[in-house]
Amino acid sequence: MSNFKHKNMPIKIALFASGSGSNAENIILFFSENPHFEFPIIISNKPDAYVHERAKKLKIPSFTFSRDDFSTGETILAYLKKLNIDCIVLAGFLLKIPQSLIEAYPNKIINIHPALLPRFGGKGMYGSRVHEAVAEAGVSESGITVHYVNNNYDEGNIIFQAKCPVIPTDTPDMIADKVHALEYEHFPKVIEKIWGKGFEF
Ligand code: GRF
């Protein structure tokens, strides 16, 4: 049986982040005046990640789960259910999402990858490694990919891509800056577009 979460009921989103959390902060600020979106929790796998500082500043609780918790997912799932979380947004989250969460949230988990999938994705391709690979490959463009999360790293259905030019003199850091700009511009809008009108779940 399927239920429908009406647009007048806020969608509750858990943000997962492993590092700086600039995307998580940007998303929260984007929706700060929008009553249809709530961000009750930021979840991390690293207690010292800067995202916790951002969470404090934004007055949003943040919580760290251990690697073991992420390997089965059961404890995390129970926690998400307790908070009535509808969807999960991975904003710079590095661990593999456990099968139990993928089953509990079918098509309700999305990720952003800092390159144009299907190239430059897969296990071990994260952070600066992605931009280094792009620079080394000598391609003329990079960009962002927002996609649903399935059992394989970076292989779920693609929802949205945006591109930026890469020139031969660009360093990996320069490419990262261009990609971050695209992330800040588009990621919140993609979330708004896919979940802003309510959904079946
Ligand atoms: C982003 O480039 C994101 O695409 C990637 O990791 C980076 C996270 O940056 N998966 P931040 O933590 O949001 O600042």
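See the structure printed just above.
Reference entry: report on the structure contained in this document. Model, not experiment: these values are computed from the prediction.

Within the element layout of this structure, isoleucine 102 appears in helix 5 (residues 99-104). The spatial distance from the C-alpha of isoleucine 102 to the C-alpha of arginine 54 is 27 Å, given a sequence separation of 48 residues.

Let's shift gears to the pairing of strand 3 (residues 37-44). Among the 8 residues that make up strand 3, 6 are buried, leaving the element largely enclosed by the rest of the structure. Both strand 2 (residues 11-16) and strand 3 contribute to a ladder of 5 bridges, which runs parallel. Looking at the pairing, isoleucine 11 lines up with phenylalanine 37 of strand 3. For the crossover that starts at strand 2, traverses helix 1 (residues 22-30) and ends in the parallel strand 3, the hand is right-handed. Once the chain exits strand 3 it traverses helix 2 (residues 51-58) before rejoining the sheet at strand 4 (residues 62-64), and the crossover so formed is right-handed.

The grouping of Glu132, Glu136, Asp173 and Asp177 at the surface amounts to a negative patch. Elements with a contribution of two residues or more to the negative patch: helix 6 (128-137) and helix 7 (172-195). Mapping aspartate 173 onto the fold places it in helix 7.

This paragraph deals with the site of the ligand. Inspection of the region around the ligand gives Ser20, Gly21, Ser22, Asn23, Gly92, Ile112, Pro114, His180 and Glu183 as its neighbouring residues. Here the ligand, which alone exposes 360 Å², has 86% of that area covered by the protein. The site holding the ligand turns out to be the largest pocket. At the level of elements, helix 1 and helix 7 are the ones that each hand at least two residues to the shell around the ligand. A class-by-class count of the residues in the shell around the ligand yields 2 nonpolar, 6 polar and 1 charged. No fewer than three residues from each of domain 1 (11-106) and domain 2 (112-196) sit in the shell around the ligand.

Note that the residue after leucine 117, namely proline 118, is joined by a cis bond; omega there is 10°. Inspection of the secondary structure puts proline 118 in the loop between strand 6 (109-113) and helix 6. Unusually for a residue other than glycine, lysine 59 sits at a positive phi of about 60°. Among the secondary structure elements, lysine 59 is positioned in the loop between helix 2 and strand 4. At asparagine 84, a position not held by glycine, the phi torsion is positive, near 55°. Along the chain, the position of asparagine 84 falls in the loop between helix 4 (74-82) and strand 5 (87-90).

With that settled, consider helix 4. Within an α-helix, residues lying three or four positions from one another point in the same direction, as the helix has 3.6 residues per turn. Within helix 4 the residues assigned to the buried category are Ile76, Leu77 and Leu80. All buried residues of helix 4 lie within an arc of 100° about the axis, which places them on one face of the element. Among the structural elements, strand 2, strand 3, helix 3 (67-72), strand 5 and helix 5 are those in contact with the buried residues of helix 4. Directly beyond the C-terminal end of helix 4, a positive phi value near 55° is found at asparagine 84.

Another aspect to go through is the sheet that holds strand 6. Ordered in space as 4-3-2-5-6-7-8, the 7 strands form an open sheet in which the pairing is mixed. Whereas interior strands pair on both sides, the edge strands pair on one side only; in this sheet they are strand 4 and strand 8 (158-165). Ignoring which end each strand starts from, the neighbouring axes of this sheet average 20° apart. Summarising the sheet, strand 6 and strand 7 (residues 141-148) pair through 4 bridges and their orientation is antiparallel. Bridge pairing in strand 7 links asparagine 111 to histidine 147.

So, on to helix 1. Those residues of helix 1 that sit buried are Ser22, Asn23, Ala24, Glu25, Ile27 and Ile28. Buried residues in helix 1 make contact with strand 2, strand 3, helix 2, strand 5 and helix 7.

Within the element layout of this structure, serine 22 appears in helix 1. Reaching out from serine 22, the side chain makes a polar contact with the side chain of tyrosine 184 at a distance of 2.6 Å. When neighbours within four sequence positions are excluded, serine 22 is seen to be in contact with Arg54, His180 and Tyr184.

Conventions we followed
- Residues numbered from 1 in each chain as written.
- Predicted model: local features only at pLDDT ≥ 70, side-chain atom pairs only at ≥ 80, totals over all residues.
- Heavy atoms only, no water.
- Helix = DSSP H or I, 4+ residues; strand = E, 2+ residues; numbered from the N terminus.
- Buried < 20%, exposed > 50% of the residue type's maximum accessible area, 1.4 Å probe, protein only.
- Pairing = 2+ DSSP bridges.
- Right-handed = clockwise from strand over helix to strand, strands pointing away.
- Patch = residues over 30% accessible without salt bridge, like charges linked within 9 Å, V, L, I, M, F, W, Y side chains within 5 Å.
- Areas by Shrake-Rupley, 256 points an atom, 1.4 Å probe, with all protein chains shown as cover.
- Salt bridge = Lys/Arg side-chain N within 4 Å of Asp/Glu carboxyl O.
- Lys, Arg positive; Asp, Glu negative; His and termini not counted.
- Charge placed at Lys NZ, Arg CZ, Asp CG, Glu CD.
- Near = heavy atom within 4 Å.
- 1 Å grid on protein atoms, 1.4 Å probe; cavity = no way out; pocket = protein on both sides within 12 Å on 5 of 7 lines; lining within 4 Å.
- Sits in = over half its atoms within 2 Å of the grid points.
- Nonpolar A, V, L, I, M, F, W, Y, C, P; charged D, E, K, R; others polar.
- Domains from an automatic or database assignment.
- Arc of directions from axis to C-beta.
- Contact = heavy atoms within 4.5 Å.
- Axes fitted to C-alpha atoms, helices over the stretch in contact; angles between N-to-C directions.
- Polar contact = N/O pair within 3.5 Å; in protein donor to acceptor, adjacent residues only side chain to side chain.

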